Amino acid sequence: MQKILIYFVRGYQRFISPLFPPSCRYYPTCSSYTIDAIQVHGAMKGTLMGISRILRCHPFVKGGIDYVPRKFTLKRNTVDEIRPNYTYKKENKK
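Scoring rules and cut-offs
- Residues numbered from 1 in each chain as written.
- Predicted model: local features only at pLDDT ≥ 70, side-chain atom pairs only at ≥ 80, totals over all residues.
- Heavy atoms only, no water.
- Phe/Tyr/Trp six-rings, centres within 6.5 Å; stacked < 30°, edge-to-face > 60°.
- Helix = DSSP H or I, 4+ residues; strand = E, 2+ residues; numbered from the N terminus.
- Buried < 20%, exposed > 50% of the residue type's maximum accessible area, 1.4 Å probe, protein only.
- Lys NZ or Arg CZ within 6 Å of the ring centre and 35° of its normal.

## Comments concerning the packing of aromatic side chains
Per the stated rule, a full pass over the model turns up 2 aromatic pairs. Both rings, one in Y27 and one in Y67, keep their centres 6.2 Å apart while their planes meet at 85 degrees; by these two values the pair is edge-to-face. Here the residue Y27 occupies a position in strand β1 (residues 26-27), and Y67 occupies one in the segment after β2 (64-65), the gap between them amounting to 40 residues. The exposure class of Y67 is buried, given its relative accessible area of 10%. In this arrangement the basic side chain of K45 is found over the ring face of F72, its NZ or CZ atom lying 5.4 Å from the centre. Over the ring of Y33 we find R53, and its NZ or CZ is 4.4 Å from the ring centre.

Geometry only, nothing functional implied.
Structure follows, in structure tokens:
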């Protein structure tokens, strides 16, 4: 499931995102954040974190650095100023 979700996000990055001018308020971009969140926290929690990040990205927010937190939360990561070393979850194969 993780690979499929990451595939869709990469497709967006490659084919849809270049059609619009850059307007990211956060670093890393929302799509990169979503990929990292899926890899770190799994498909469900990572997708929720990505959606939460997209909803936080609007003209009235200051933006800035917002890395995926090591612990699951839907709030902005104000703790990490440099990119943390993540332990990636592996997809359970049945």
